[in-house]
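Here is how the chains run, residue by residue.
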Amino acid sequence: MTPLGYLDAAGQRAHIILPLTWLTIAISLLVCVVIAVLLWLGVRRARSSGGAAETRATAVTGGRSGVRWIGMGIAISGVPLLIALVWTMVALAEASGPPADPGLTLDITAHQWWWEVHYDAAQPDQTFTTANEIHIPVGQRVLVRLHGGDVIHSFWVPKLTGKTDTIPGQTNLSWMEADRPGRYRGQCTEYCGWQHAHMAFEVVAEPPAQFQRWRAQQLQPAPAPTTPEQTRGRSLVVYRCGACHRVGGTLAGALAGPDLTHVMSRSTIAAGTLPTGPGTLAEWIEAPQALKPGNLMPNQGLSAQQLTDALAYLETLK
Amino acid sequence: MRQPDYRTPHIGIDSVEHQSRLLELWEGEGGLKGFLGTVDHKKIGIRYIVTALILLVFGGLEALIMRLQLAGPNGTLLNPEQYDQLFSTHGMTMIFLYALPILSGFSNYLWPLVLGGRDMAFPRLNAFSYWIYLFSAIFLYVGFLTGNGPNDGWFNYVPYASRDYNPGLNEDFYSLGMIFLGISVTAGAANFIVTAFRTRAPGMSLNRLPMIIWGTLTANAANLVVIPAVSLAFFLLWMDRQYGTHFFDTSGNGQPLLWQHLFWIFGHPWVYAIVLPAMSFVSDGLPVFCRRPLVGYPYVALSTVATMILGFGVWVHHMFATGLPGLGMSFFSAASFVIVLPSAVAVFAWLATIWLGRPVITTAFLYFSSMILMFVIGGVSGFMTAAVPTDWQLTDTYFVVAHIHYVLIGINVFPVLGAVYYWFPKMSGKLMDERLGRWNFWITFIGFNLAFLPMHLTGLFGMPRRVYTYADGMGWDTLNLITTIGSFVLAVGVLLFVINVLKSLKSGAPAGPNPWDAPGLEWSTPSPPPPYNFAVIPTVASRTPLWENRLGESGVVSSVDRGMLLSQGKESIGSSAVDAEPDMILHMPEDSVAPFLLAIGATVLFVGMLLKVWFVIGIGVVLIALGTLLWLWPRRDLREREPVHG
Amino acid sequence: MAEPQLSPDVIVAAPRDLQVGPVGRHGLGYWGVGTLIATEAALFSYLLFSYYYTGATAPVGGWVIEPHPALKLALPNTILLLLSSLVAWIGERGVLERKRAQALIGLGGALLMGIAFAIIQTFEWQAKPFKLGASSYSSLYFVTTGFHELHVFVGLLVLAAVFAWTALDYFSPRRNLTVSAGVLYWHFVDVIWLFVFFTYYLTPYMGFGT
């Protein structure tokens, strides 16, 4: 089980890359074995072992020129090299170009240490923003526009696509197309500071109908509270959490942290650090610095009642 | 009496009177002045080697602590800030404070001896480059030891390195420290280039140069023109951080990728600079233990230069994930494939030398021959990253970490360890312990491969670089544990090496001038050599002067017993660039504290810049100006000015 | 001690009439200054690379703050610097030909012209409509011309030292490597300025970055 391994592919772009990877692995192993055998056989010819005395005792020989061995070695090495070179150019051309007619376009901005994911659409009221969990329809090419937020990060979902950096001042393009449903792990792969190790995300590939349902749900604002606890919780969340987070349909509209409108619909919190659930959410809110030291959310210092109320409301944000 | 401006050197043979005259001329002063002011390339070389080995141990300890943290998932030994400073300092230490200086140390010690000369072209500059190296290493480590070590990796990308995201002194220590160190490397490069072209024994034409000259010269010619790129990058970063400029920050139309281009334009040639000289140690040493000259000498020499030249044209392969246009990436990818070929020339030459020779297994031989396989393993993982789409998966994972350690340990550390076993007898007059050497070798070899071979898999399974911890269930747990165990075994191997060095210094068997019956000129001097190296200047007629009578090649024979005496002052021979025709008598400087004082001045300057205190900067500048004036003041004994008319 | 019997195949180099120490430009120090020039030239190449790369990848339009950089001071100043190299060369020839007056006037004249260049450069900086921290363009302008000015300062110290040592009669037609090396450094400072001037003052007129 290797969630971040790339020796198996579940997406079109990864499928283009994988055969080249296997080719170069095969060539590499072959070369290592051949050289190891040549070295072993050569060293085995040694007739003595020891130190200075044994070295002096073995007579110096002019030996044969041996240059043709170099020539042969280079000539033979050239063949797999050329094959790999040509294959690389072909694969690069195929894997590069962003799709001309993508079924879906995402604008992803990488922050220290979470992923802001904006779903683009033809009509403005069909767009929305979420965080850290990306849903895509199976079998459709998705254009990913990568925007630099603060420092350089790198967007990587090994089973679907190779790495592309997010760099401030420019927009980089990537694409992915899942060929079967599944949950595919991604992780930031450009060192970006203290919590680089905990900046994961997930790409959930779903059948198109299921994707549309998810999308419709994401467009909904937060539901109104139905219990007194939830009401108190909403006020608290808007007042406190709203300093950095947005909850659609309330006055909490800050963009410094992940959008929380549908936080409970995501399988993890804190960019893949913890599974979502009331227990972990409570732990996180109370002491984010203990779980992800250095991240930009300070410990909240809530009283027990405040925490209960906040959780009551947050759990409605599905 | 006025000395003549032109002179025909006396030719003669060695004698006791001649030796004592030379000793009087060349023996440096004792005491503090001698210690601070020595210009003897052998003493300076040993200082470089010892300092670099100490830094190797520091870097290794940093690695061991990291490996303890990473031995299992969710490690709690280190917090992220500590881990980040450790991995950055480890990289900085190994790549900048160990990998090049160790090679410079060997080259400093050996070059005049293998060239048949009495010192480097610029002995005072040599001393200066060591002091700057030492002081810049101390400067950088003061940062680390006060909790202000570099924390953005050894290649230090912006914007994370900028003041907005990294407000502490960490990046200022690193930036200024690297500019400081760059001065040492540049001074050394100038010295090596001029020495190689102008101070060779008569007859040592380009096609007779020992490989250590080819390797080190190539590396230093490259360093001379690429160090300014990294020094500039760090200077611009320091300006952005401290003086509000906008080279890299987008809020002022700056360009973050400019950092990467400047850094890698330096960085890629640098990684060749830290392996090509070590490869040349193998090219000089391995044939001795195969009892025959190197196969394909001209091809190995040319391929060294070709590798370096191609090495200038591949830097973008460190940037394949940054969103560059496909055409540009194709070019750099192709160049990164092509560069495999000249590198492979050396591999086949070494294999052929073993096959067509009479190998004798000694510890040095084991290091020199095993590196061939590790070179190839490191080489193929590099070949894999040249394939751009595959690189998009491999880059920034532990696969690259495996690659860099195979190439650095395989093509730098192993040759260095072999070089110690090979040349230790010349430097100390004693042999190292062979039995302990075998233990040292095998434990090091096993430990290294146990640590880093599985790391290829760790990378293929997706573990990113530079993570202070990782979750369980990723498929990385066992692999990381094996790597940690291997790293400790490797550490034991290094410990045995250090023990062998110390033990042999104390009680090693006497070596004599040529314990290995090796062919190079250095083996015609006593062990250790006297301060003047050669009592008479040799005349060279082949690549393997001391083997000529055995190889049965017809034609002229080198002369080591009879030659120019050059004893009318502290003299050595200067020669023409290509054919090494003697064309001038060089007067070499006496011991001088000017280089040390200048290095102190430079330290004051850099400390002043770190603390941003103009007064201290001013003192540093004044010290530097005075030190330089003192150093460059035209001297009569060096024939830089006319004697007073009389 | 009897000389060993030598085989007739042994060659022993026995050169005649070798110069002792440097004569004219033939000496290690000239190569040394050559390596210094190589590394410093590389430094300026990277500075100019930074300019062209940042300009080429900047958002479209108006990266160069002054689309028509003022040449009123810069052009005469450039000519002054070029002439100072000529004057320095004349001074160097004076040393080589043992013409003391020519040597001192040449070296001293170059020194004065260099000082004038440096001063005019600072006036130019003050007259610029932008400051160091305005943008990447201004940062590059001041740091590049600043590095050049720094090299000019060092060159002035070199010229002053060489002038003083010439005045003290240190040199002769034979022993003068210090003078040649110092003047070579001054020529280098001059040539670098041509590249800097072309990049910062002329390419905007040609449309780069505007």
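Residues numbered from 1 in each chain as written. Chains lettered and ligands numbered in written order. Predicted model: local features only at pLDDT ≥ 70, side-chain atom pairs only at ≥ 80, totals over all residues. Heavy atoms only, no water.

## Some thoughts on the domain arrangement of chain A
A common way to express how large an interface is: the accessible area buried when the components associate. Domain boundaries assigned for chain A yield domain 1 (12–95) and domain 2 (228–314). Each of domain 1 of chain A and domain 2 of chain A was reduced to a C-alpha centroid, and the two centroids are 56 Å apart. (Domains from an automatic or database assignment.)

## Side note on the interface of chain B and chain A
In this assembly, 98 residues from chain B lie in contact with 91 residues from chain A. Both sides together, the interface formed by chain B and chain A hides about 7800 Å², and carbon and sulfur atoms give 69% of it. For chain B, the biggest contributors to the area lost against chain A are B:Trp355, B:Trp392 and B:Gln393; these three give 10% of the whole. Connecting chain B to chain A are 0 salt bridges. (Contact = heavy atoms within 4.5 Å. Buried area = accessible area lost by both parts, 1.4 Å probe. Salt bridge = Lys/Arg side-chain N within 4 Å of Asp/Glu carboxyl O.)

## Looking at a nonpolar patch on the surface
Residue and element names in this part refer to chain B. On the surface, a nonpolar cluster with roughly 710 Å² of combined accessible area is contributed by Ile46, Val50, Ile54, Val57, Phe58, Leu61, Val498, Leu502 and Leu505. Where the nonpolar patch is concerned, the elements lending two or more residues are helix H3 (41–70) and helix H17 (477–507). If one sorts the elements of the nonpolar patch by residue count, H3 sits on top with 6 residues. The exposure class assigned to Ile54 is partly exposed, which follows from its relative accessible area of 42%. (Patch = residues over 30% accessible without salt bridge, like charges linked within 9 Å, V, L, I, M, F, W, Y side chains within 5 Å. Areas by Shrake-Rupley, 256 points an atom, 1.4 Å probe, with all protein chains shown as cover. Helix = DSSP H or I, 4+ residues; strand = E, 2+ residues; numbered from the N terminus. Buried < 20%, exposed > 50% of the residue type's maximum accessible area, 1.4 Å probe, protein only.)

## Observations concerning helix H12 (residues 340–355) of chain B
Taking 1.5 Å of rise per residue, the 16 residues of H12(B) would be expected to cover 22 Å, and the 23 Å separating its terminal C-alpha atoms lies within 8% of that figure. Within H12(B), 13 of the 16 residues are buried, leaving the element largely enclosed by the surrounding structure. (Expected span 1.5 Å × (residues − 1).)

## A word on the environment of C:Leu107
Residue and element names in this part refer to chain C. Inspection of the secondary structure puts Leu107 in helix H3 (residues 100–127). The class of Leu107 is buried, set by a relative accessible area of 0%. Between the C-alpha atoms of Leu107 and Phe198, which are 91 residues apart in sequence, the distance is 27 Å. If sequence neighbours within four positions are ignored, Leu107 has contacts with Ala88, Gly91, Glu92, Val95, Val162, Phe163, Thr166 and Val183.

## What to know about the interface of chain B and chain C
Counting residues at the interface gives 68 residues for chain B and 57 residues for chain C. Summed over both sides, the interface of chain B with chain C buries roughly 5600 Å², with 69% coming from carbon and sulfur. The interface formed by chain B and chain C holds 2 salt bridges in total. Residue C:Arg175 pairs with B:Asp5 through a salt bridge whose shortest N-O separation is 3.2 Å. One can count 22 residue pairs in polar contact (both at pLDDT 80 or more) joining chain B with chain C. Counting residues per element, the ones that place at least two in the side of chain B that touches chain C are strand S1 (6–7), strand S2 (11–13), helix H6 (170–198), helix H7 (211–243), helix H8 (256–273), strand S5 (559–564), strand S7 (582–587) and helix H20 (614–632) of chain B. (Polar contact = N/O pair within 3.5 Å; in protein donor to acceptor, adjacent residues only side chain to side chain.)

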